[in-house]
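The primary structure of each chain is shown beneath.
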Amino acid sequence: MLKINDMLDKKNYLKIKYLENESIEKIIFEMATICKPEKILILNDSDEDTEFVRNLALSNGEERKLKNQNHTIHYDGYDDQGRDKQHTRVLLPKGKSISKHINTIEKQSGLKEIYKILENSMMGKKMLVRFFCLGPLDSKFSISAMQITDSAYVAHSENILYRSGYEQFKKLKNKNNFFHFVHSAGALNEAKTSINIDKRRIYIDLEGNRVLSVNNQYAGNSLGLKKLALRLAIHKANNENWLSEHMFIMGVHPENKTRTTYFCGAFPSACGKTSTAMIPGQTIIGDDIVYLKIWENGECHAANIESGIFGIIKDVNPKDDPVIYKYLNSSNEIIFSNVLESDGSPYWLGMGKKHPQIGINHSGKWFEGKRDSRGNLIPLSHKNARYTINLKNLENVDPFAENKDGVPVKAIVYGGRDSDTNVPIAQSLSWNHGVFLGASLESETTSATIGEEGKRKHSPMANLDFIVVPLNKYFSNHFKFGIALKSQPIIFSTNYFLKNENGDFLNSKKDKKAWILWAEGRVHNEYKAIKTPVGFIPLYKDIAKIFKNSLNKEYTRQEYEKQFTIRIDNLIAKNIRIQNYFSYTKLPEQFYQEQSAQEKRLNDFKKQYNKNNISPFELDVNPKL
Ligand code: SPV
Ligand code: MN
């Protein structure tokens with residue numbers, strides 16, 4: 001029987017000892033005893049170790065080189081292309097319950113199950129132990145996080161996406177206040193993808209500040225630092241009065257002005273979060289996960305928890321996403337996942353270029369017209385295919401991206417995929433109303449999670465998949481956070497996905513720039529607005545001018561009218577859906593106050609105008625701030 005001594009040589013043992021942390025030793029030894037790797041490799045922050053992981057991913061076949069020397073390609077299994085919500089569960093101590101929306105399993109039986117699955121899972125493979133810091137190093141945002149994995153692809157991705165934290169761990173001085181993640185891809189086939197998908201499990205241990213994940217490779221399931229750490233951080237934040245959110249951070253730069261206004265924005269997966277943060281002319285700090293804290297000066301400060309982007313590649317083309325498209329064609333380090341490879345080049349859906357009729361993709365050898373075992377046509381690349389890049393070489397990275405104090409946030413945006421209800425942009429009437437708008441976010445499902453697409457679902461703060469505390473507690477935390485701030489960010493709601501009667505989008509992808517610039521102007525009191533039951537909307541003359549100046553586009557009165565019509569009946573129906581959806585649980589009093597106030601405003605409006613759809617021009621008479 002393999003012993004720790006056989007797995008761990010002197011050099012690696014000393015790398016553990018250097019950290020002077022008993023908990024780390026204990027965890028590594030316990031997991032190695034269960035998973036039985038052929039070798040334990042402790043990786044520090046050195047270039048040598050980073051290079052080692054990159055090469056290991058290539059030599060063990062989890063990644064392959066593309067024509068461009070710094071580009072590699074990785075495939076996840078055909079049925080491992082999104083987050084597995086069904087098998088992601090919170091371990092719950094006996095006799096405890098959290099909330100209906102949280103998928104749970106009794107802790108002892110859950111641990112027993114996953115330990116059994118993890119048994120021998122790393123046989124013949126190397127156990128890689130890697131140390132990171134969530135948030136800027138040595139800051140009030142920093143959380144240390146250790147990743148144990150047998151996948152060099154996972155370790156390689158995390159090297160690109162997170163800040164190295166081996167030295168930061170040393171500063172913990174033997175404390176166990178860190179997150180840790182154990183992952184095994186499990187048995188692999190000849191394509192080096194996980195075989196035992198039926199035994200895919202992601203179990204979250206809140207008290208232990210750890211997540212165990214097995215039989216998967218797709219990053220949303222396997223990379224501890226990403227959505228697994230987000231869940232642990234939400235738990236921590238809700239006990240410590242700060243926020244851990246599924247948000248971007250960007251610097252907004254109005255035309256012909258020198259100021260920068262920082263925005264955070266929460267959008268469900270595949271609903272425009274990255275592309276908002278990448279709007280031409282603006283600067284990006286992060287595109288996925290943000291911690292927000294009340295700073296000493298009473299302002300809201302936010303920091304990016306990551307240092308890279310794991311972005312959806314579909315529809316990245318020179319017209320819609322020029323910055324990313326250019327980057328993907330540069331010599332910077334990139335991992336492409338689940339795209340088509342032909343002759344050493346990557347191809348994906350919506351790249352705006354002719355693609356070959358044959359190649360290799362997530363289904364193996366691919367040809368146009370190929371069908372899977374269920375009879376479905378296999379597209380050339382998966383809709384949830386991704387690119388993994390570091391932020392530092394992006395031309396639009398914000399100069400304060402690594403600031404230890406984060407940046408002061410002046411606006412928060414909530415947006416969902418909604419074809420028929422919300423206007424493209426509205427400013428909430430107050431912080432509490434904004435929290436209510438975030439809490440009532442709905443969105444049509446996308447390919448970022450496994451399951452049916454296009455179904456309208458509730459998506460509070462675009463964070464529901466990751467909220468591991470009761471919604472009452474989570475929403476209360478938001479309300480309280482606003483009260484404690486000396487100056488509150490202004491909350492806006494957006495909707496990029498309105499459609500006409502024929503199912504065509506009413507807006508082009510570029511239009512989001514106009515909404516964001518209008519919101520930025522509102523932060524600085526530069527525009528008047530029209531008050532509606534769902535918040536303040538732009539005046540035609542202002543938004544048309546923004547379209548002209550920033551996009552060189554004539555925004556017609558007809559477009560404005562169609563997009564900013566207040567769809568009273570749909571909004572009332574939404575309000576009822578929200579009420580029904582949350583009826584199973586008790587929410588904070590402020591939520592109910594906002595909901596009934598909104599209901600009253602909608603009903604009063606309906607009475608006053610006596611119709612279902614009210615043109616903004618009918619409201620344009622008496623603009624108020
Ligand atoms: C998302 O789905 O929200 C993502 C990608 O950012 S994943 O890593 O799957 O979470
Ligand atoms: Mn995300």
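These numbers were taken from a predicted model, which means no experiment stands behind them.

## Quick look at the overall build of the protein
In terms of helices and strands, the protein carries 19 helices and 33 strands. Its C-alpha atoms give the protein a radius of gyration of 24 Å, near enough to 25 Å, the size a compact globule of 625 residues would have. Counting only residues that meet the buried cut, the protein has 60% of its 625 residues in that class. When contacts within the protein are restricted to residue pairs at least 6 apart in sequence, those whose partners lie at least 24 apart make up 73%. Carbon together with sulfur atoms contributes 50% to the accessible area of the protein, which is approximately 24700 Å² in total. Averaged over its 88 positive side-chain charges, the protein has a centre that lies 2 Å from the centre of its 72 negative ones.

## Some words on the environment of Val90
Summarising the element assignment, Val90 is placed in strand E4 (residues 88–92). Of the residues examined, Val90 reaches a relative accessible area of 2% and is grouped as buried. Apart from the residues lying within four places of it in its own chain, the contact partners of Val90 are Ile98, Ile102, Asn103, Thr104, Ile105, Ile204, Leu206 and Val468.

## Topic: the packing of helix H9 (residues 224–240) against helix H13 (residues 471–484)
If you want to describe how two helices pack, look at the angle between their axes and the distance between the axes. Two elements in contact, H9 and H13, have axes whose closest approach is 10 Å; the angle formed by their N-to-C orientations is 60°. Between H9 and H13, the angle falls in the class oblique. Relative to H13, the crossing made by H9 is left-handed. Across the interface between the two elements, Ile234, Ala237, Asn238 and Asn239 of H9 pack against Lys473, Tyr474 and Asn477 of H13. Per-class residue counts for the contact of H9 with H13 are three nonpolar, three polar and one charged.

## So, the pattern of salt bridges
For the coordinates displayed, the defined rule picks out 48 salt bridges. Glu240 is the salt-bridge partner of Lys236, the closest N and O atoms lying 3.1 Å from each other. In this pair, Lys236 and Glu240 both sit in helix H9, four residues apart, roughly one turn of the helix. Taking the shortest distance from any N to any O, the salt bridge between Lys273 and Asp288 comes out at 2.6 Å.

## Points about the coordination of the manganese ion (ligand 2)
Coordination sphere of the manganese ion (ligand 2), protein contribution only: Lys227 (NZ), His246 (NE2) and Asp288 (OD), at 2.2 to 2.3 Å. Each donor residue of the manganese ion (ligand 2) lies on the same chain, and together they follow the pattern K-x18-H-x41-D. Taken together, the residues Lys227 in helix H9 and Asp288 in the loop between strand E15 (283–286) and strand E16 (290–294) connect sequence positions 61 residues apart. Asp288 carries the same exposure label as Lys227, and that label is buried.

## Some words on the packing of aromatic side chains
Going through the model one piece at a time under the given rule, you end up with 35 aromatic pairs. Geometrically, the ring pair formed by Phe131 and Phe169 is edge-to-face, given 4.9 Å between the ring centres and 70° between the ring planes. You can see Phe131 sitting in strand E6 (residues 126–134) and its partner Phe169 sitting in helix H7 (residues 166–170), a full 38 residues away along the chain. Across the pair, exposure class does not vary: Phe131 and Phe169 are buried alike. Here the aromatic cluster, defined as three or more aromatic residues joined through ring pairs, consists of Phe436, Tyr474, Phe475, Tyr581, Phe582, Phe591 and Tyr592. Positioned above the aromatic ring of Tyr584, the side-chain terminus of Lys100 is 4.4 Å from the ring centre. The cationic tip of Arg522 hangs over the ring face of Phe536; the distance from NZ or CZ to the ring centre is 5.3 Å.

## Some thoughts on the site of ligand 1
Arg83, Tyr218, Lys227, His246 and Ser269 are the nearest of the 11 residues found near ligand 1. Residue His246 places a side-chain N or O atom 3.1 Å away from an oxygen atom belonging to ligand 1. Residue Ser269 places a side-chain N or O atom 2.5 Å away from an oxygen atom belonging to ligand 1. Coverage of ligand 1 by the protein amounts to 97% of the 280 Å² it exposes when considered alone. In terms of residue class, the shell around ligand 1 is built from three nonpolar, three polar and five charged.

## As for the side chain of Asn507
For Asn507, the location among the structural elements is in the loop between strand E29 (490–494) and helix H14 (512–523). In terms of polar contacts, Asn507 uses its side chain to reach the side chain of Asp511, at 2.9 Å. At 3.0 Å, the side chain of Asn507 and the side chain of Gln563 are in polar contact. Sequence-distant contacts of Asn507, that is, excluding residues within four places in its chain, are made with Pro424, Tyr496, Trp515 and Gln563.

## Here we look at the domain arrangement of the protein
What the domain assignment lists for the protein is domain 1 (4–64 + 75–237), domain 2 (245–307 + 401–622) and domain 3 (310–392). The gap between the C-alpha centroids of domain 1 and domain 2 is 34 Å. The partner domain 2 presents 38 residues to the 38 residues of domain 1 that form the contact. Three residues, Arg83, His101 and Phe141, lead the burial of domain 1 against domain 2; their summed loss comes to 24% of the area buried on that side. At the surface where domain 1 touches domain 2, the tally comes to seven salt bridges. Of the charged contacts, one joins Asp465 and Arg83 as a salt bridge, the two residues approaching to 2.9 Å between their closest N and O atoms. In this assembly, domain 1 and domain 2 are joined by 18 residue pairs in polar contact (both at pLDDT 80 or more).

## Regarding the environment of Asp45
Considering the arrangement of structural elements, one finds Asp45 in the loop between strand E1 (39–43) and helix H4 (47–59). We classify Asp45 as partly exposed; its relative accessible area is 26%. A polar side-chain atom of Asp45 sits 2.9 Å from the main-chain amide nitrogen of Tyr166. In terms of polar contacts, Asp45 uses its side chain to reach the backbone amide nitrogen of Glu167, at 3.3 Å.

## Some words on the nonpolar core
Residues Leu134, Phe179, Leu292 and Phe475 are the most contacted members of the largest nonpolar core, which totals 77 residues. No other element matches the eight residues that H9 contributes to this core. Beyond its immediate stretch of four places on either side in the chain, Leu134 contacts Phe141, Ser142, Ile143, Ala145, Tyr162, Phe179, Leu225, Ala229, Tyr291 and Ile305. Counting 75 residues, the second-largest nonpolar core is a separate cluster that includes Val252, Leu394, Ala514 and Val534.

Thresholds, definitions, all that
- Residues numbered from 1 in each chain as written.
- Chains lettered and ligands numbered in written order.
- Predicted model: local features only at pLDDT ≥ 70, side-chain atom pairs only at ≥ 80, totals over all residues.
- Heavy atoms only, no water.
- Helix = DSSP H or I, 4+ residues; strand = E, 2+ residues; numbered from the N terminus.
- Rg over C-alpha atoms; globule rule 2.2 N^0.38 Å.
- Buried < 20%, exposed > 50% of the residue type's maximum accessible area, 1.4 Å probe, protein only.
- Contact = heavy atoms within 4.5 Å.
- Areas by Shrake-Rupley, 256 points an atom, 1.4 Å probe, with all protein chains shown as cover.
- Lys, Arg positive; Asp, Glu negative; His and termini not counted.
- Charge placed at Lys NZ, Arg CZ, Asp CG, Glu CD.
- Axes fitted to C-alpha atoms, helices over the stretch in contact; angles between N-to-C directions.
- Parallel < 35°, antiparallel > 145°, perpendicular 65-115°, else oblique.
- Left-handed = near helix turned anticlockwise from the far one by under 90°.
- Nonpolar A, V, L, I, M, F, W, Y, C, P; charged D, E, K, R; others polar.
- Salt bridge = Lys/Arg side-chain N within 4 Å of Asp/Glu carboxyl O.
- Donors = N, O, S within 2.8 Å, 3.2 Å for Na, K, Ca; no water.
- Phe/Tyr/Trp six-rings, centres within 6.5 Å; stacked < 30°, edge-to-face > 60°.
- Lys NZ or Arg CZ within 6 Å of the ring centre and 35° of its normal.
- Near = heavy atom within 4 Å.
- Polar contact = N/O pair within 3.5 Å; in protein donor to acceptor, adjacent residues only side chain to side chain.
- Domains from an automatic or database assignment.
- Buried area = accessible area lost by both parts, 1.4 Å probe.
- Core = buried A, V, L, I, M, F, W, Y, C linked by side-chain atoms within 4.5 Å.

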